Amino acid sequence: MVGGYDLHTHTVLSDGTTTPEDNVRDAVELGLEGLGVTDHDTTAPFERALAAAEGTGLEIVTGTEFSAELEGRSVHVLGYWVDPSDGPLQTEMDRLRNEREHRARAIVGKFRELGVEISMDRVHELAGAAPVGRPHIAQAVVESGAAGTTREVFDTWLADDGPAYVPKHAVDPVAAVRLLIGAGGVAVLAHPGLYGSRDDGEPGLEAVTVEEMAAAGLAGIEADHPDHTDAQRERYRDLAVGLGLEVTAGSDYHGERKANRLGSATTDRSVVERLRERRPGAS
Ligand code: AMP
Ligand code: ZN
Ligand code: FE
Ligand code: FE
């Protein structure tokens, strides 16, 4: 029994390889108390996850991992309990999903210029009905034989500072927080340790940006993420505590597309309760 809430997971409705039903079943088997359903730029898995969890005792925390950008780099903001019928949020997510299509074509073009022969058709096949994400493209590159693992594809070409990277033209992180809160949600900064260094050499997203997000109503920081080093966990935990924010954990499970295992990082129920109290309009 693991207990706790895994507050960051993906499904085939974005760039994971497992269905919402698979994740619910596995979460129940692991003994998790709750599961955050956080596909990229969509609320599509909500209904399926809620239906699958009915009668199991597993609490579904509906959410989305919303794409923002800062100075050409991806910044992800988790939005829990957003209203899937919120107009402004859905308008921006529609735009983002459309943007993903154009961007995927641009990335495939860059790979071909770099001598890696992948096709948009294959990328579409791998993505299925889901909006195309970099992990789908990375898988196509592995299939082409140009790399052994998707990890290698990111390290060589596809990370934010890589030669095949194309940004998504997303809103800035502060606007993302406002949009998620406007949709009745609670905003948590995802994996701040993965945003790379900027010119001043400071690792990760600078405190000043996080402070601005906090001023806009950010509720928490995902300090405990499998891809963070111990030093990063401590750094972002301190940052959260200093700003009066909650500290959350999530596995960022992507099925077979990432090594991160479901339930490998969990948030205590007490933290989830405090997040719930930070919902706009909650007393
Ligand atoms: P996208 O939303 O298309 O920008 O893709 C984001 C996804 O790509 C993330 O959820 C990760 O799974 C993966 N990803 C991004 N950067 C890296 C990286 N440097 N190494 C491995 N995976 C990454
Ligand atoms: Zn992903
Ligand atoms: Fe992410
Ligand atoms: Fe994620």
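Rules of the game
Residues numbered from 1 in each chain as written. Chains lettered and ligands numbered in written order. Predicted model: local features only at pLDDT ≥ 70, side-chain atom pairs only at ≥ 80, totals over all residues. Heavy atoms only, no water. Phe/Tyr/Trp six-rings, centres within 6.5 Å; stacked < 30°, edge-to-face > 60°. Helix = DSSP H or I, 4+ residues; strand = E, 2+ residues; numbered from the N terminus. Buried < 20%, exposed > 50% of the residue type's maximum accessible area, 1.4 Å probe, protein only. Donors = N, O, S within 2.8 Å, 3.2 Å for Na, K, Ca; no water. Contact = heavy atoms within 4.5 Å. Core = buried A, V, L, I, M, F, W, Y, C linked by side-chain atoms within 4.5 Å.

The next subject is the packing of aromatic side chains. As enumerated under the stated definition, the model contains two aromatic pairs in all. Seen in terms of ring centroids, Phe111 and Trp157 are 5.6 Å apart; in terms of plane orientation they differ by 65°. Their pairing is edge-to-face. A residue pair is termed long-range when its members are at least 10 positions apart, and Phe111 in helix α3 (residues 87-113) and Trp157 in helix α6 (residues 150-158) qualify at 46 residues. Across the pair, exposure class does not vary: Phe111 and Trp157 are buried alike.

Four donors placed tetrahedrally around a metal ideally meet at 109.5 degrees, and six donors placed octahedrally ideally meet at 90 or 180 degrees. Within the protein, the iron ion (ligand 3) binds to Glu65 (OE), His76 (ND1) and His191 (NE2); these donor distances fall in the range 1.9 to 2.2 Å. Ordering the donors of the iron ion (ligand 3) by residue number gives the pattern E-x10-H-x114-H. Between the iron ion (ligand 3) and the zinc ion (ligand 2) the interatomic distance amounts to 5.6 Å. Within this pair, whereas Glu65 is found in strand β3 (residues 59-70), its partner His191 is found in the loop between β5 (186-189) and α8 (207-215), the two being separated by 126 residues in sequence. Residue Glu65 shares its accessibility class with His191, and that shared class is buried.

Bringing the side chain of His136 into the picture now. Topologically, His136 is positioned in helix α5 (residues 134-144). Here His136 is in contact with Ser14, Asp15, Val123, Leu126, Ala127, Pro131 and Arg257, once residues within four sequence places are set aside.

With that settled, the discussion passes to the nonpolar core. With 45 residues, the main nonpolar core has Phe66, Leu89, Leu189, Leu205, Met213, Leu218 and Ile221 as its most contacted residues. Per-element tally for this core: the top contributor is helix α7 (residues 173-182), with five residues. Not counting the four nearest positions on each side in its chain, Phe66 is found in contact with Asp41, Val75, His76, Val77, Leu89, Glu92, Met93, Leu96, Val171, Ala176, Leu179 and Leu180. Grouped together as the second largest cluster of nonpolar side chains are 21 residues, Ala104, Val123, Val132 and Ala138 included.

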